[in-house]
Amino acid sequence: MTKEYRTLHTTVNLPYELAFGATLTRFFDGLSAEKILGTRCPKCSRVLVPARSFCPRCFIDLDDWVEVGQTGTVETWSLVSYEYIGMAKTPPYITGLIRLDGADVSFTHLIGGIDMSSIDQVQSRLAIGTRVKAVWATEKPGSIFDIEYFVPI
Amino acid sequence: MGRAVAIMGTGQTHHGKRFDVSYPELVREAVQRAFEDSGLSPEDVDAVVTGTMPSMMEGIALNHLYLADAIQVVGKPLLKTETCGSTGMSVAHTAFYWVAAGLADVVLAVGFEKMYEGDSQATMTTVADPWIQRSFVAGAPGIFAMQSNMWIDRHHIPAERLREAAAVISLRNHDDAFDNPYAHIKARISLEEIKDSRIVTYPIRRWDVCPNSDGACAVLFMSEHKAKQMANPPAWIKGVGYRGDESYLGDSDKVRWNTAIDAAKEAYHQAGIVNPRRELDVAEVYNPFTFMELLLYECFGFCDFGEACDLALQGTFSRGGDLPCDPSGGVLCTNPIGATGLIRVAEAAMQVTGKAGAHQVDGAQLALAHAMGGVSQFNGIMIVGSQQ
Amino acid sequence: MSGRVGIVAAAESSPAITQDNMMDAVYKVTKELLNKVGIDRDDVGTIVTAASDVFHSGISCANSYYWEASGGFLKNASRQDGDSLFAFLYGCLRVLSGHFETAMVIALTKGSENPENDTVTSLYADPFYHRPLGINETTAAALQMRQYMERYGITAEQCALVTVKNLRNALFNPYAHIRKSVTVDEVLNSKATADPLTTLQCAPKSDGMVAVLLAAEDTAKALTDHPVWFRGYGSAMDTYTLGDRDLLRGTLPQAAQAAYTMARLEKPSEEVDVAEISEPYGFQELLWCEQLGLCAEGKGGRLIDSGTTHLDGRLPVNPSGGVLATNPYVARGLYRVAEAYWQITGKAGEHQVKKSVHTALAHSTHGFAGQSHTVVILGD
Ligand SMILES: [Zn+2]
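An unreviewed UniProt entry lists chain C under the name Propanoyl-CoA acyltransferase, from Sulfobacillus acidophilus.

Right, here's the structure in full:
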């Protein structure tokens, strides 16, 4: 490029008010009470967490509420080391899929309470198959961060 | 089933950081090149299909309105197909169905993105549901790192072997990009530099990751009777397939990934392909991350589950190997998202019509193009061939 | 084209602002549609949804989020942005291609969760020129309206009459969002938005989920005794830059002609029995009627004065109450199709028009002053 052309610096900032709906409201009420709730599908028998109003596969209404375990097994994880605008957590942090005891799908959350200064440190405490348990936030924001993170047992 | 459809021309921008042009100018560059390549003119076009990643990427909503003149759709019908990362492939599918249905003879498909104008990872994070996953997924690298880690664990791939195989994939794509005049990243890097590059989201390192690119791609689809009146060689659409699974990442197995397996099966069935590694001459696999490319080889039946690392190390998927993959340098070197899937289709069409220039795979007659999207949910395939 | 494609059934969500989240709301309308036909998700060939992404919902690539809610698990499905008549066409194309026997087309918008309509429509504008000047769908429509009144002597009262008529029709439509009876004076004296437009001449911001099931001819006949056939389609985009366009000579005549040709309609003003026309701004119903060839150029005002387009008129327009009553932005095009389908099958209930209906027109528009127009012709 021989000539530098101009660029416009601008921001778009929009407010939204998103409905949780009945099922997620009950799920998040559960988190406030330190319970992790799922719903069981009467057709395929799977327990889905977070709770769903319908089974994605059988396509029927779900209303059989179950409290699942606060412990589970790590199905996969990633140490996040890069940063971008709008990120919910400041890196480094570990995001993971956790198969909670009593659930048939995996739950997305953070894995914490361990040294994250290097990948080697993390790997000394964490692998696929590691057992973890929920650590509840003392001040509950009324969001998914009512659980602060899951810690290796 | 439906009418036969052919690709009769493709056009790409020089991808990269394109602050030398505005968004409409960028798009027009690709559209004009598609017309030049095909020998057609805008008056020949019956309909236009377009798509991009979401509005947040460039801060413009429903950008088919702003870009209407650049995509030459004024006075014509338009479809605006968007399916996240697989948008470009879904745009190609839309053009295909439009012609196959008999409601148009010539359809221009255009995909574009100007990723340097916004924040791509922030944008991609808003694909995830706002309640739960959005707080954790860490953009595309976060999701694909988790999927890669599952795959590594499932097949008990030793860490060193994995790093070696991923580095070979990265090196191959970066070397191939030098033979593609439109590719964005042209970097001479060594195997050691790739292996020792910094970790982004474990196991993904700097050189395992695609760039953000500005770029556009345009492809002209044509009905059989019109295509046969043309002097230039057609790339016939032999098969299309597409599948999606749940928005919650934890709901489906992403190693034996059914959306990839079934989308490929749907397309193979239509194309009459039984042994993809033997029958396909080249594949343009959507590979924003080296590990995903390896995982997808297995889902597409290019090899058995657990075999991809070994075969990649043997050169099976390099130029000169059994099934050369991403001779264009792939997504790893060029990623204007809304265009990326369509670039795979364009590259596949170029290969089977002998127009790929320095990155031509000799004698290629049957090629697979692929794209994926969503919260690691969607896979789309298009197979093109030189013979009808 | 290999045979015909027909509408087998349609479902609409209730109009009230729903407290369901997007995913649950989509599931409910999809499930309602399947239940109406008595089939399962497994029986559906393909799905095309329509929704705008992040600015219209706070969620990017929104079909990732509601994929399973629309029945898409392990299916070949896709999405259209901006206009749900695009999704309707794409569903028809997928069936007509012979690749799928059935297609569900689902459109969804949750206006209640969104910023104001024009906060979003101002983002259609390029960031360099139109956007800083405050161009959005309402200001662009106001420019168009003034020209229209000036050039053809259309009066403010005639424009206001569209709101009066459509909101009166909406009183008979249980799915309508705004349900109140208003007078011409009330419309003209409502708060000015962008002069000459007033609040009651601008569409609201509504929630809306709508779904239709399409099927290839034989399957359609097997699934219902009263299929409604897709007979014609026309669509045309105009140029972007407002100042480059004649706002009163847009691309709607072209879109309409393409649809009429395909449907083999020679005198649409006589052959179309009922029309559902997108009128996000009241006067546009008059202008669009002219450009659709339903009356002569400049005669839109006289058309509504004559009562022709009223519920009991010779050519009822927007018996559902139209977009002025219910405006789930992206979904509004498919609402027109669903309403046309009900009129043809005689299932529109209290807002069923008095005359018998065999041919109906559905229209949608988006963009500044009608930059995009789409016309669909349906018939039994
Ligand atoms: Zn189930």
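Now, onward.
(A) Highlighting the overall build of chain A. If you tally the helices and strands in chain A, you get two helices and eight strands. Taken from N to C terminus, the helices and strands of chain A fall in the order α-β-β-β-β-β-β-α-β-β. For 153 residues, the compact-globule formula gives about 15 Å, and the C-alpha radius of gyration of chain A, at 19 Å, lies well above that figure. A principal-axis box enclosing the C-alpha atoms of chain A has dimensions of 65 × 40 × 35 Å. Here chain A, with 153 residues, has 49% of them falling under the buried criterion. Within chain A, counting contacts between residues at least 6 apart in sequence, those at least 24 apart form 52% of the total. Once the 15 positive and 17 negative side-chain charges of chain A are each reduced to a mean point, those two points are 5 Å apart.

(B) Broad picture of the sheet that holds strand E3 (residues 64-68) of chain A. Residue and element names in this part refer to chain A. Taken in spatial order, the three strands of this open sheet run E2-E1-E3, and their pairing is antiparallel. Looking along the sheet, the strands with just one partner apiece sit at the ends: strand E2 (47-48) and E3. Sheet analysis places strand E1 (residues 36-40) next to E2, joined by two bridges and oriented antiparallel. Bridging across to E2, Arg40 finds its partner in Val47. This element, helix H1 (residues 21-32), spans E1 and E3 of the sheet and lies at about 145 degrees to E1.

(C) Representation of the sheet that holds strand E9 (residues 282-284) of chain B within the structure. Residues and elements named next belong to chain B. Reading across from one edge, E3-E2-E4-E7-E1-E8-E11-E10-E9 is the order of the nine strands in this open sheet, with mixed pairing throughout. Each end of this open sheet is capped by a strand with a single partner; those strands are strand E3 (78-80) and E9. Averaged over neighbouring strand pairs, the angle between their axes works out to 25 degrees when direction is ignored. Sheet topology note: the E9/strand E10 (residues 366-373) ladder contains three bridges and is parallel. Bridge pairing links Glu284 to Ala369 in E10. The strands touched by helix H2 (residues 87-100) are strand E1 (5-12), strand E2 (47-51), E3, strand E4 (106-114), strand E7 (214-223), strand E8 (235-244), E10 and strand E11 (378-385); relative to E2, the strand with the most contacts, the crossing angle is about 160 degrees.

(D) Broad picture of the interface of chain A and chain C. The interface of chain A with chain C comprises 19 residues on the first partner and 29 residues on the second. Between chain A and chain C, the buried area comes to about 2,000 Å², and carbon and sulfur atoms account for 64% of it. The largest share of the area that chain A buries against chain C comes from A:Tyr16, A:Phe54 and A:Phe59, three residues that together contribute 33% of it. Linking chain A to chain C there are zero salt bridges. If you look at where chain A meets chain C, you find eight residue pairs in polar contact (both at pLDDT 80 or more). Residues that form the side of chain A that touches chain C fall into these classes: 13 nonpolar, three polar and three charged.

(E) Layout of the interface of chain C and chain B. Taken together, the contacts link 58 residues of chain C with 63 residues of chain B. With both sides pooled, the region where chain C packs onto chain B buries about 4,800 Å², and carbon together with sulfur makes up 61% of that total. The three residues of chain C that bury the most area against chain B are C:Leu74, C:His99 and C:Met237, which together make up 14% of that side's buried surface. Counting across the interface, chain C meets chain B through two salt bridges.

(F) Focus on the UniProt feature "domain: Thiolase C-terminal" (unreviewed entry) in chain C. The UniProt feature table records "domain: Thiolase C-terminal" (unreviewed entry) at residues 235-379 of chain C. Here residues 235-379 of chain C is 34% helix and 15% strand, with 18 Å between the C-alpha atoms at its ends.

(G) Region of the structure containing the coordination of the zinc ion. All names here are of chain A. Those donors, Cys41 (SG), Cys44 (SG), Cys55 (SG) and Cys58 (SG), are the protein atoms that reach the zinc ion, and they lie 2.3 to 2.4 Å from it. Considering all four donor atoms around the zinc ion, angles at the metal cover 104 to 115 degrees and the coordination shape is tetrahedral. Positions of the donor residues of the zinc ion, expressed as sequence spacing, correspond to C-x2-C-x10-C-x2-C. Of this pair, Cys44 sits in the loop between E1 and E2 while Cys58 sits in the loop between E2 and E3; the two residues are 14 residues apart in sequence, bridging distant segments of the chain. Its relative accessible area of 29% is what places Cys44 among the partly exposed residues.

(H) Examining unusual backbone geometry more closely. The omega angle of the peptide bond from A:Pro91 to A:Pro92 is 0 degrees, so this bond is cis rather than trans. Structurally, A:Pro92 can be placed in the loop between strand E4 (71-80) and strand E5 (93-100). Here the bond from B:Tyr202 into B:Pro203 is cis, since omega is 5 degrees, no more than 30 degrees from zero. Mapped onto the elements of the fold, B:Pro203 is located in the loop between strand E5 (199-201) and strand E6 (204-205). Although it is not a glycine, A:Phe59 adopts a positive phi angle of roughly 60 degrees.

(I) How the structure looks around the pairing of E8(B). Residue and element names in this part refer to chain B. Counting buried positions along E8 gives nine out of ten residues, so the element sits mostly inside the fold. By the bridge criterion, two bridges tie E1 to E8 in an arrangement that is antiparallel. In the strand pairing of E8, Ile7 is matched with Ala235. The pairing of E8 with E11 spans seven bridges and is antiparallel.

(J) Structural context of the pattern of salt bridges. Residue and element names in this part refer to chain C. Considering all chains together, one arrives at 45 salt bridges over all chains under this definition. Ionic pairing is found between Asp246 and Arg151, a salt bridge with its closest N-O pair at 3.6 Å. Highlighted residues: Asp246 in the loop between strand E6 (228-237) and helix H8 (252-263) and Arg151 in helix H4 (residues 137-152), separated in sequence by 95 residues.

(K) View of the nonpolar core. A:Phe27, B:Trp151, B:Phe221, B:Phe302 and C:Phe88 are the most contacted members of the largest nonpolar core, which totals 281 residues. When residues of this core are assigned to their parent elements, the largest contribution, ten residues, is made by helix H2 (residues 84-96) of chain C. For C:Phe88, the contacting residues outside a window of four places in its chain are C:Ile7, C:Val105, C:Val212, C:Leu214, C:Phe230, C:Leu334, C:Val337, C:Val376 and C:Leu378. Core analysis: the next-biggest nonpolar cluster, separate from the first, contains 40 residues, C:Ala142, C:Ala236, C:Ala275 and C:Leu324 among them.

(L) View of the packing of helix H5 (residues 159-176) of chain B against helix H10 (residues 290-299) of chain B. Residues and elements named next belong to chain B. Across the interface, H5 lies against H10 with an axial gap of 9 Å and an inter-helix angle of 100 degrees. Here H10 runs roughly perpendicular to H5, going by the angle between their axes. Residues Leu162, Ala165, Ala166, Ile169, Ser170, Arg172 and Asn173 of H5 form the contact with H10, whose participating residues are Thr290, Phe291, Glu293, Leu294 and Tyr297. Here the residues of the contact of H5 with H10 sort into seven nonpolar, three polar and two charged.

(M) Here's a closer look at the packing of aromatic side chains. The tally for this structure, following the rule as stated, stands at 27 aromatic pairs over all chains. Taking the centre distance of 6.2 Å and the plane angle of 55 degrees together, the rings of B:Tyr97 and C:Tyr90 count as tilted. Here B:Tyr97, found in helix H2, pairs with C:Tyr90, found in helix H2, and the two come from separate chains. Pair check on accessibility: B:Tyr97 and C:Tyr90 agree, each one buried.

(N) Molecular detail of the environment of C:Pro196. Residues and elements named next belong to chain C. On the secondary structure map, Pro196 appears in the loop between helix H6 (184-189) and strand E5 (207-216). Overall, the relative accessible area of 16% leaves Pro196 in the buried class. The spacing of Pro196 and Met149 is 47 residues in sequence and 9.7 Å in space, taken between C-alpha atoms. In this structure, Pro196 is in contact with Ala142, Met145, Arg146, Met149 and Gln201, ignoring residues within four places of it in sequence.

(O) Structural view of the packing of H2(B) against H2(C). The geometry of H2(B) relative to H2(C) is characterised by a closest axis approach of 8 Å and an angle of 60 degrees between their N-to-C directions. Seen along the crossing, H2(B) lies across H2(C) with a hand that is left-handed. Of the residues in H2(C), those touching H2(B) at B:Ser90, B:His93, B:Thr94, B:Tyr97 and B:Trp98 are C:Leu89, C:Tyr90, C:Leu93 and C:Arg94.

(P) Representation of the side chain of C:Thr49 within the structure. All names here are of chain C. With respect to the element layout, Thr49 can be found in strand E2 (residues 46-50). Its relative accessible area of 2% is what places Thr49 among the buried residues. Of the polar contacts made by the side chain of Thr49, one reaches the side chain of Tyr66; its length is 3.4 Å. Ignoring any residue separated from it by four or fewer positions in sequence, one finds Thr49 in contact with Asn63, Tyr66, Ser70, Ser78, Arg79, Gln80, Ala87 and Ile106.

Calculation notes
- Residues numbered from 1 in each chain as written.
- Chains lettered and ligands numbered in written order.
- Predicted model: local features only at pLDDT ≥ 70, side-chain atom pairs only at ≥ 80, totals over all residues.
- Heavy atoms only, no water.
- Helix = DSSP H or I, 4+ residues; strand = E, 2+ residues; numbered from the N terminus.
- Rg over C-alpha atoms; globule rule 2.2 N^0.38 Å.
- Buried < 20%, exposed > 50% of the residue type's maximum accessible area, 1.4 Å probe, protein only.
- Contact = heavy atoms within 4.5 Å.
- Lys, Arg positive; Asp, Glu negative; His and termini not counted.
- Charge placed at Lys NZ, Arg CZ, Asp CG, Glu CD.
- Pairing = 2+ DSSP bridges.
- Axes fitted to C-alpha atoms, helices over the stretch in contact; angles between N-to-C directions.
- Buried area = accessible area lost by both parts, 1.4 Å probe.
- Salt bridge = Lys/Arg side-chain N within 4 Å of Asp/Glu carboxyl O.
- Polar contact = N/O pair within 3.5 Å; in protein donor to acceptor, adjacent residues only side chain to side chain.
- Nonpolar A, V, L, I, M, F, W, Y, C, P; charged D, E, K, R; others polar.
- UniProt positions renumbered as here; feature names shortened; annotations may be inferred.
- Donors = N, O, S within 2.8 Å, 3.2 Å for Na, K, Ca; no water.
- Tetrahedral: all angles 85-135°; square planar, octahedral: opposite > 155°, others 65-115°.
- Core = buried A, V, L, I, M, F, W, Y, C linked by side-chain atoms within 4.5 Å.
- Parallel < 35°, antiparallel > 145°, perpendicular 65-115°, else oblique.
- Phe/Tyr/Trp six-rings, centres within 6.5 Å; stacked < 30°, edge-to-face > 60°.
- Left-handed = near helix turned anticlockwise from the far one by under 90°.

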